[in-house]
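Chain by chain, the residues run as shown.
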Amino acid sequence: MKLVVRVIEARNIPAMDLNGLSDPYVRLQLGRNRFRTKVVKKNLNPSWHEEFTFWVEDLSEDLVVSVLDEDRYFNDDFVGQLKVPVSRVFDAEDKSLGTTWHKLHPKNKKSRSRDCGEILLNVFFSQNSAFMPSTSDDDHLPPLRKHPDFTVESPSRSFSGSSRSSSPMPSGMRMEDCATREEKIIAQKTIAGRIAQIFIKNGDLASSTSARSGDSSELFETPIAEVYENKPEEQSSSCNFEEAMKRMEAKDEEKECPSNLPGGVLLDQLYVVASSELNSLLFAPDSHFPGALADLQGTTELQQGPWEFENGGDSLKRVVSYIKAATKLIKAVKATEDQTYLKADGKVFAVLASVSTPDVMYGSTFKVEVLYCITPGPEMPSGEESSRLVISWRMNFIQNTMMKGMIENGARQGLKDSYAQYGSLLAQNVKPVDPKDVGSNKEQVLASLQVEHQSDWKLAVQYFANITMVSTIIAVLYVSTHIWISAPSTIQGLEFVGLDLPDSIGEVIVCALLVIQAERVLKMIARFMQARVQKSSDHGIKAQGDGWLLTVALIEGSNLASVDASGFSDPYVIFTTNGKTRTSSIKFQKSDPLWNEIFEFDAMDEPPSVMEVEVLDFDGPFDEATSLGHAEINFVKTNLADLADVWIPLHGKLAQACQSKLHLRIFLNNNRGNNVVTEYINKMEKEVGKKINLRSPQTNSAFQKLFGLPPEEFLINDFTCHLKRRMPTQGRLFLSARIIGFHANLFGHKTKFFFLWEDIDDIQLETPTLSSMGSPIIVMTLRPGRGMDAKHGAKSQDAQGRLKFYFHTFVSFNVAQRTIMALWKARSLSPEQKVRIVEESEPKSLQTEEGGSFLGLEDVYMSEVYSSVLSLPANFFMELFSGGDMEYKIMQKLGGLNYSSTLWELDKGDTYVRQICFKFDKNVSRYRGEAVSTQQRSLLPDRKGWVIEEVMTIHGIPLGDYFNLHLRYQIEHAPLKGKGCSVNVFLGIEWLKSTRNQKRISKNINSNLQARLKLMMDEVEKEFLTGK
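Being a predicted model, the structure only gives us computed values, none of them experimental.

## Quick look at the overall build of the protein
From N to C terminus, the protein includes 19 helices and 43 strands. Counting only residues that meet the buried cut, the protein has 49% of its 1028 residues in that class. Considering only contacts within the protein whose residues lie at least 6 apart along the sequence, 63% involve residues at least 24 apart. Just so you have it, the protein exposes about 51,600 Å², and 52% of that area is on carbon and sulfur atoms.

The structure is reproduced here in C-alpha cells:
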C-alpha cells in the first residue's frame, strides 16, 4: 500500500535566526525512508504544497514529520515535530485523516511549554496505484507539487522479528484485484500479530507467531505471483504501447527536444534504424533488449511496470525495479527507476529516467537522472533511415550532504562502465552508422539538390505580370490611340512650333500621372536587369586549397516577410565567415522561395567559429537593401551532426513577426587530417617565439569535455593565472584556435566560461598593482553584446555594454601575452593580413619545454602530513595568519623573501579570503622560485576552531606549472594543562599535466613540507614563550 502525505503549509513557526525569521523546511521519515520539502526563505508562515509517497509494509511504524530551520554553514536548527502512527491512518474512515492542522512538539520533555507552531497535513492511504483524488476540503488549496514514486523499499518488521524484502508495486499499475487482496492479507497479518501479542502467553508466543507468519507469507506471495502472471489487462503489450505513442503524438505541442543534462554525455551515436523503431527497442514492454542488458550486466529480479498515463493523460510513466550486481565499491543493491516520456511526436522521443538506490550509503540523499533523446538522423546512401541516440545524466541531490563530491565521482565512473556495455549491446542489435557513410552522405545530399532553371522570358513574365505593368501598357495604348485619331491642335498661349503645353489643369494632372507611372516602370526594368546580372550568384563555385572546407546548401525559406506592395519580396541570402562571403541568387516575388543552391568556402587553416546569415530584399542597384532577417550559426556550441539538416529561425523585427526560417544543410570537413593542426601551430610558433607542443588526443579530449566543445577543437596552450573580479580567482587559462577559456576549482567553488576570439574588441596591458601581486594585467574588452554567457567572469561592463576581463599573475607572462596576441590577431585580421604577418615575421629561436598533457581538473585527495598538540591558545596560533608582525617574522625565518599579503576580505557568510605572494630563499630552493597563494578562512561547524584552506601555485621552478598545492590547516581548541590547541595539516597535489616524474615530485614535496611545518610550529611556540 502507498501512504500519501501532502505537506501544505505551517503557521506560527518560531523565529530561529537573528533577523527574527526562519528558513523552514519539512523532513518526513517512515522507517528508513526520508524525504524533505523545499526551503522557504525568511518566513514564519511558510507554504509548501508538496506531495510525497511512501510504500508501507508495517502498520506499526510511525510517520515522523519534523520542521527544521536551514542554516547555511552550521547544523540546521530543530523547530518541532509530530508523530503520526500509520495504524491510525489505516483505521480511520476512508483510510484518511483529512486536511488537518497538527501541533508541533519540541524534541525533549523539558521544553514542552514552548510553542513550536502548527502544520497543515493531509495523510491518507492510496486506494489504488494512482493517487487519491482531492477531497472537498482541499478545493481551496493551490495545486500540489507532486513527488510521485518517491517510494523506496524498506524491510518490513513483523512481530516475529524476521525481515523480508519484497519488490514494491510499480507506480501507475492498475491492478485492483491485486491491491485489494494484498491489503487484506497485510491487515490480517498485522491484526493477528496484535492479538497474539496481547492474549498469547510468552511461552507460546514464538511458535504461534512463527507459524502464523509462515502461513501469512505463503498467502502473501502466491496471489501476487498469480496476478503478475495473469493480468486482467495486457497493458504491456506492443499494441497498447503503440497506442500510447500515437496518443502522445496527437497531444504533442511541438516543444523542442530537451537539452542534454549537465552531468555529461554517456552515449552519442547514430544508428541505421528509424527513430520510432529505436524507441520501441529501448522502451517497449515486449522488447528483448532490457532483459539482454540485465543478463550482460548481472542485474537480477528485473520487473518492468506497464506504461500508464497520469495527471489526466498529460504524462506517460512507468516504474522499473531491479537488483544491480555487486561491484568493487558497493554490494548488490535494489534500484527503482521512474521513466517518464517528455516528448514523443513520432520522430523525436525523449525519456527521463530517475533512478533511486536508497539502500546504498547516503542513498536517500540523491537520485541519478538519465535522459534518453532519440532524434532522426541523415538519410543513408542506401536510402535507409537513421536515428541519433544521445544519453546524458546528472545528480539530483534531495538533501544536503558533505559527501557530494565523492558520490558524484562514484556515480560518474559507474555510469561510464554501465553505458559502455549498453552501447556495445545496442550495437549488436542495431547497426551503428559508419563515419565513412556519413561522409559519402554529404556527397549524396549535395548531388540530389537541383537548382530550378527558368528561362529569362518566363522570369520576365512572372516579374512584370502585375497591376503596374498592366496599367502602364493600357495607358500607353490609350494615349497612342488618342494621338493617332486626334487632329493637330492650334498654337495658342505661350506655345510655339515644337512645344505643345497642357491647355487645362486636367491635362497637367494626366501628364504628371503618366510621368510617375513611367518612372516606376523604368525602375522595375532596371531592378530586373541588375538582378539578372546577380542571378548567377556563387552557386557551384568550387573551394580552393586544403584545410577546413565549409559547404553550405541553401534549400528553401519559409514565411519570409513581404515588403513590396504586391505582398511578396525579392529575397537573396548572404553567408559570411572568416571574412569571406557567398551570395545566393534572387528569387522574384516569393515568400517561400526554393533555392537548392550549394556554396563552398575556400579552405581555411583553422575551423570557423561562426557564420553570419543575412536575408535581404533586392531593391535595385541604387537603393539600400531591406533586411528580412538574420541569424548566427556558432560552430563551437553546435554539434556538426545537428547542422547536417536544420531549420534556422531568423531574428529581426520583420522575421520574428512572420516567424521566418531558412532550411540549410551545413558540412565542415578537414581534408588535410592532422597536418592542418600541425601547420597552424607552426605558424603560431613564429609569432610567439616559443616551441608549442602538439597535444595528444587524450589531452584534447579532456579539454573538449571540460568546456563542452566539438571534437574538431584542439588545444594550443594553457597557463596558470588569476582572474580578477571582486576577489582574485586562481585558475587556468586555456587557448585554442577559436576560443579562450578559463576554469577554476577553488575550495569546491567552480568557475568556468569561454568566449570566441572574434568577440574580443581590444586587448590592453595595465601596469602591475599590489592586488595583482606585482604582475602586469591583461585586459580583454569584448564587443558590445558579445560573450554574455561568460558575464559571470567579467570584472566590469562599460557604458557601451562591453564586458571586460582581467587576467594576471601568469607563470610565464611574456609567453602568455605573445600567445594571446598572436591568436587574437590571427582571428581578427583579414586573410590577406594573416598571410602578410606570417611572411614578414623573422625566424626566432624557439624555446623548448617538456611535454605534458592536461589531465582535467577533478577534486583533490587530501592526506594528513602533520598533526600536533601545541601548548598555546588557538587564538595565538591564528596570529600566524593575521598578516601581523609575527607572520612576517616567521615566514622570513622559513625562507620566504619579499613576503606580502592582502587584507582578509569577506567573501560569503563567515568566510574570508586573502592573497599571499613570496619568493623562496636559495636555501629552500636553488631555483629561487615564487609562490602565489589564495587562502580562505572559516570557522569549524562547532565554532571551536578554524579551518584555513590554501591553494598555492609555484612559479619559476622546473615543472612548476604542472601542479597546484592544496593545503588545509585545521586548528581546534584542545585543553592541555589549562590552554592548548591541536593543529592538523592536510596536503593535496592537483596535477594539471602528466609527467613521468610525478612520484618523485610528490615525495619531494611531502618531505620538504613536513620539515617546514615542524620548523613553523617550533617558531610559533618560541614566540608564545617569549611573549609571556
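From this point, the narrative continues.
## As for the pattern of salt bridges
With the rule as written, the count across this model stands at 25 salt bridges. Arg582 serves as the salt-bridge partner of Asp602, at 4.0 Å between the closest nitrogen and oxygen. Taken together, the positions of Asp602 in strand β23 (residues 594–604) and Arg582 in strand β22 (residues 580–583) put the pair 20 residues apart, joining distant regions of the chain. The closest approach of N and O atoms between Arg738 and Glu713, which form a salt bridge, is 2.6 Å. With Arg738 in the loop between β29 (729–736) and β30 (739–746) and Glu713 in the loop between α14 (697–707) and β28 (715–724), the pair connects residues that are 25 residues apart, well separated along the chain. Accessibility assignment for this pair places Arg738 and Glu713 in one class, buried. What emerges from the salt-bridge pattern is a single network uniting Asp761, Arg783, Asp798 and Arg802.

## Observations concerning helix α7 (residues 404–429)
For α7, spanning 26 residues, the distance from its first C-alpha to its last is 37 Å, which sits close to the expected 38 Å at 1.5 Å a residue. Within the span of α7, buried status applies to Ile407, Ala411, Leu415, Ser418, Tyr419, Tyr422, Gly423, Leu425 and Leu426. On the buried face of α7, the contacting elements are β12 (264–271), α5 (275–283), α6 (289–297), β18 (366–376) and β19 (387–397).

## What about the sheet that holds strand β20 (residues 548–558)?
Across the sheet, four strands lie side by side as β23-β20-β27-β26; this open sheet has antiparallel pairing. Where the open sheet ends on each side, the last strands, each with one partner, are β23 and β26 (646–649). Between one strand axis and the next, the sheet turns by 30° as a mean value, whatever way the strands run. One ladder, built from 10 bridges, connects β20 with strand β27 (residues 661–670); its direction is antiparallel. Across the sheet, the residue bridging to Leu550 is Leu668, located in β27.

## Some remarks on the sheet that holds strand β24 (residues 610–617)
Taken together, four strands build an open sheet; the order of strands is β22-β21-β24-β25 and the sheet is antiparallel. Where the open sheet ends on each side, the last strands, each with one partner, are β22 and β25 (626–634). Looking at each pair of strands side by side, their axes are set apart by 20° on average, direction ignored. Bridging between strand β21 (residues 571–577) and β24 involves six bridges; their strand directions are antiparallel. Residue pairing for β24: Val573 is matched across the bridge by Val615.

## A few points about the environment of Glu905
Examined against the element boundaries, Glu905 turns out to sit in strand β38 (residues 905–908). For Glu905, the contacting residues outside a window of four places in its chain are Arg726, Met727, Thr911, Tyr912 and Val913.

## Observations concerning the packing of α5 against α7
Closest axis-to-axis distance for the α5/α7 pair is 12 Å, and the angle between their directions is 125°. By the criterion of interaxial angle, the relationship of α5 to α7 is oblique. Crossing handedness for the pair α5 and α7: right-handed. Mapping the contact onto sequence places Leu278, Leu281 and Leu282 in α5 and Tyr422, Leu426 and Asn429 in α7. For the contact of α5 with α7, the per-class residue count stands at five nonpolar, one polar and no charged.

## Quick word on the packing of aromatic side chains
The full count for this structure, using the stated rule, is 32 aromatic pairs. A ring pair is formed by Phe575 and Phe599, whose centres lie 5.5 Å apart and whose planes are at 45°; its orientation type is tilted. Of this pair, Phe575 sits in strand β21 while Phe599 sits in strand β23, and the two are 24 residues apart along the sequence. By relative accessible area, which is 0% here, Phe575 ends up buried. You can call Phe599 buried: its relative accessible area is 0%. Taking NZ or CZ as reference, Lys795 lies 5.5 Å from the ring centre of Tyr806, over its face. In this arrangement the basic side chain of Arg937 is found over the ring face of Tyr912, its NZ or CZ atom lying 4.9 Å from the centre.

## What about the side chain of Ser775?
By the secondary structure assignment, Ser775 is in the loop between β32 (760–766) and β33 (777–782). According to the relative accessible area criterion, Ser775 is buried, its value standing at 9%. Here Thr809 takes part through its backbone nitrogen, which lies 3.0 Å from a polar atom of the side chain of Ser775. Residues within four places of Ser775 in sequence aside, it is in contact with Pro768, Thr769, His808, Thr809 and Phe810.

## Comments concerning unusual backbone geometry
If a residue is not glycine, its phi is most likely negative; likewise, a peptide bond is most likely trans. At His49, a residue that is not glycine, the phi angle is positive and equals roughly 55°. Its identity as a non-glycine residue notwithstanding, Lys95 has a phi of 55°, on the positive side. In this fold, Lys95 is placed in the loop between α1 (86–91) and β7 (96–103). Using a relative accessible area of 22% as the deciding quantity, one classes Lys95 as partly exposed.

## Description of the pairing of strand β16 (residues 333–344)
Each regular strand displays side chains that alternate between the two surfaces of the sheet. Judged by how many residues are buried, β16 sits mostly within the fold: 11 of 12 residues are covered. Direction of pairing for strand β15 (residues 315–324) relative to β16: antiparallel, over a ladder of nine bridges. Considered in β16, the bridge of Tyr322 is made with Ala335. Where β16 lies against strand β17 (residues 349–356), eight bridges are found, and the strand directions are antiparallel. By the bridge assignment for β17, Thr340 is matched with Leu352.

## Section: a nonpolar patch on the surface
On the surface, Tyr478, Val479, Ile483, Val510 and Leu514 cluster together to form a nonpolar patch covering roughly 480 Å² of accessible area. Elements supplying a minimum of two residues to the nonpolar patch: α10 (467–485) and α11 (505–534). Among the elements that take part in the nonpolar patch, α10 stands out by supplying three residues, more than any other. Here Leu514 lies in helix α11.

## Brief notes about helix α18 (residues 885–893)
Here α18 has its buried residues at Met886, Glu887, Ile890 and Met891. One face of α18 carries all of its buried residues, which in axial projection span an arc of 125°. Seen from the open side of α18, the exposed residues pointing more than 90 degrees away from its buried face are Asp885 and Gln892. Where α18 is buried, its residues touch α17 (874–877), β37 (896–901), β39 (911–920) and α19 (998–1027). Within two residues after α18, Gly895 carries a phi angle of roughly 95°, on the positive side.

## Points about the nonpolar core
Judged by nonpolar contacts, the single largest core of 69 residues is most densely connected at Phe575, Met611 and Phe807. Per element, the largest residue contribution to this core is nine residues, and it comes from helix α15 (residues 813–828). Those residues in contact with Met611 that lie beyond four places of it in its chain are Leu550, Val552, Phe575, Thr576, Thr577, Phe601, Ala631, Glu632, Ile633, Phe635 and Ile666.

## Side note on the packing of α6 against α7
Put simply, α6 and α7 touch, their axes get as near as 10 Å, and they point 130° apart. Of the possible angle classes, the one that applies to α6 and α7 is oblique. α6 and α7 meet at a crossing whose hand is right-handed. Here Phe289, Ala292, Leu293, Leu296 and Gln297 of α6 come into contact with α7, specifically with Ser418, Gln421, Tyr422, Leu425, Leu426 and Asn429. When grouped by side-chain class, the residues that make up the contact of α6 with α7 number seven nonpolar, four polar and no charged.

About the criteria used
- Residues numbered from 1 in each chain as written.
- Predicted model: local features only at pLDDT ≥ 70, side-chain atom pairs only at ≥ 80, totals over all residues.
- Heavy atoms only, no water.
- Helix = DSSP H or I, 4+ residues; strand = E, 2+ residues; numbered from the N terminus.
- Buried < 20%, exposed > 50% of the residue type's maximum accessible area, 1.4 Å probe, protein only.
- Contact = heavy atoms within 4.5 Å.
- Areas by Shrake-Rupley, 256 points an atom, 1.4 Å probe, with all protein chains shown as cover.
- Salt bridge = Lys/Arg side-chain N within 4 Å of Asp/Glu carboxyl O.
- Expected span 1.5 Å × (residues − 1).
- Pairing = 2+ DSSP bridges.
- Axes fitted to C-alpha atoms, helices over the stretch in contact; angles between N-to-C directions.
- Parallel < 35°, antiparallel > 145°, perpendicular 65-115°, else oblique.
- Left-handed = near helix turned anticlockwise from the far one by under 90°.
- Nonpolar A, V, L, I, M, F, W, Y, C, P; charged D, E, K, R; others polar.
- Phe/Tyr/Trp six-rings, centres within 6.5 Å; stacked < 30°, edge-to-face > 60°.
- Lys NZ or Arg CZ within 6 Å of the ring centre and 35° of its normal.
- Polar contact = N/O pair within 3.5 Å; in protein donor to acceptor, adjacent residues only side chain to side chain.
- Patch = residues over 30% accessible without salt bridge, like charges linked within 9 Å, V, L, I, M, F, W, Y side chains within 5 Å.
- Arc of directions from axis to C-beta.
- Core = buried A, V, L, I, M, F, W, Y, C linked by side-chain atoms within 4.5 Å.

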